Structure formats: structure tokens, C-alpha cells
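# Report on the structure
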Amino acid sequence: MKAVKIYTDGACSGNPGKGGWAAVLVYGNKEKELVGGSKETTNNRMELSAVIEALKALKEPCEVDLTTDSKYVCDSITKGWVYNWKKNNWKKADKKPALNVDLWEMLLPLLEMHKVTFNWVKGHNGHPYNERCDELAVNYYKNL
């Protein structure tokens, strides 16, 4: 399997509001930037969208080292919450409906296809790729 590093971020002006997502994929000495967004969304939807679109961009199963500043995304996967939500018909432990089910249902098959390790990094703290993703995401929604 090819080893790829992915850095993602989502940004939102208002929550909900205009939002953008961005990802930087690094393979060897090559980098690819991806961006997108929505006129009416939430920050968590943009964080998830960044991860989904980055993984969708991979042309074959890869070993992925993914860095995000989203505790929502990182913890939901690494602590197994999303798998429990799905098993419980998309209900959380408190019996309330899980949010962003449509996006989680897109992400879970991608996580089966690729071997993904999630890493959390504090946002807006000088991490070069996190800062770049934030800049791309913010610029995207500002131009919507």
C-alpha cells in the first residue's frame, strides 16, 4: 500500500452559515490541495467533508496518516462512537439522534477501503499544513 499523509480542516462563518473545507494530500514529494464548501452548513459538516473528499481522491487503497484539528471527527472514529451510533440505528448513547449521518455513511466505507490512522492537532497553533488548510477553507467560503 502507498503511504499518504492527509491534512484536513473545515471552517464556517456562523454555525450554521457559509462554510469551506480543505485538504492537503502529500505523497512523496508531491502535494495536492482540495477545496470545497457550502452556502449553508456547519463546521462539523465541513470537517467531515474534508476527510471524505480527501479519501475519495485516492485512486487505490492506501495507508493514510490523517491529521485534523477536529475533535469531533477524530474522537468519533478513534473512540468508536460512530460505530456505536450506527449499530444503534444512528442514536447516540443519550438516545438522541446522531448528527451528520449522511456524511458518516459516506465516510465509513472509505475507512474500510483505506488503512487510516487519525491524529489530532490543536487548530490555529502554527502547524503548517493545518494553517494552510484553514486558509484554503476560509478563502473558499468567503468567495461563495
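Please refer to the structure placed before this passage.
All values derive from a computational prediction rather than experimental measurement. (Residues numbered from 1 in each chain as written. Predicted model: local features only at pLDDT ≥ 70, side-chain atom pairs only at ≥ 80, totals over all residues. Heavy atoms only, no water.)

## What about helix H1 (residues 43-56)?
Here H1 is 14 residues long and its end C-alpha atoms lie 20 Å apart, about the 20 Å a rise of 1.5 Å per residue gives. Met46, Glu47, Leu48, Ser49, Ala50, Val51, Ile52, Ala54 and Leu55 are the residues of H1 that are buried. (Helix = DSSP H or I, 4+ residues; strand = E, 2+ residues; numbered from the N terminus. Expected span 1.5 Å × (residues − 1). Buried < 20%, exposed > 50% of the residue type's maximum accessible area, 1.4 Å probe, protein only.)

## Remarks on the packing of H1 against helix H4 (residues 101-113)
Helix-helix packing is described using two parameters, namely the angle between the two axes and the distance between the axes. With their axes 10 Å apart at the nearest point, H1 and H4 run at an angle of 30 degrees to one another. At the point where H1 passes H4, the crossing takes the left-handed sense. Of the residues in H4, those touching H1 at Arg45, Leu48, Ser49, Val51, Ile52, Leu55 and Lys56 are Asp102, Leu103, Trp104, Met106, Leu107, Leu110 and Leu111. Classifying every residue of the contact of H1 with H4 gives 10 nonpolar, one polar and three charged. (Axes fitted to C-alpha atoms, helices over the stretch in contact; angles between N-to-C directions. Left-handed = near helix turned anticlockwise from the far one by under 90°. Contact = heavy atoms within 4.5 Å. Nonpolar A, V, L, I, M, F, W, Y, C, P; charged D, E, K, R; others polar.)

## Quick notes on the pairing of strand E1 (residues 2-14)
Relative to strand E4 (residues 62-68), E1 is paired through seven bridges, and the arrangement is parallel. Paired with isoleucine 6 across the bridge in E4 is leucine 66. Across 10 bridges, E1 lies against strand E2 (residues 17-27) in antiparallel orientation. Across the sheet, residue glycine 10 finds its bridge partner in E2, namely tryptophan 21. The turn joining E1 and E2, which pair antiparallel and follow one another in sequence, is formed by two residues. (Pairing = 2+ DSSP bridges.)

## So, the nonpolar core
The biggest cluster of nonpolar side chains holds 34 residues, and the ones touching the most others in it are Ile6, Leu55, Trp104, Leu107 and Phe118. Looking at this core, the elements that each hand over two or more residues are E1, E2, H1, E4, helix H2 (71-78), helix H3 (81-87), H4 and strand E5 (115-120). If sequence neighbours within four positions are ignored, phenylalanine 118 has contacts with Val51, Leu66, Val73, Cys74, Ile77, Thr78 and Leu111. In this structure, Val26, Leu136, Ala137 and Val138 belong to the second largest nonpolar core, which totals 10 residues. (Core = buried A, V, L, I, M, F, W, Y, C linked by side-chain atoms within 4.5 Å.)

## Thoughts on the environment of valine 51
Topologically, valine 51 is positioned in helix H1. C-alpha of valine 51 to C-alpha of glutamate 40: the two residues are 11 residues apart in sequence and 19 Å apart in space. With residues near it in sequence (within four places) discarded, valine 51 still touches Thr8, Leu66, Val73, Leu107 and Phe118.

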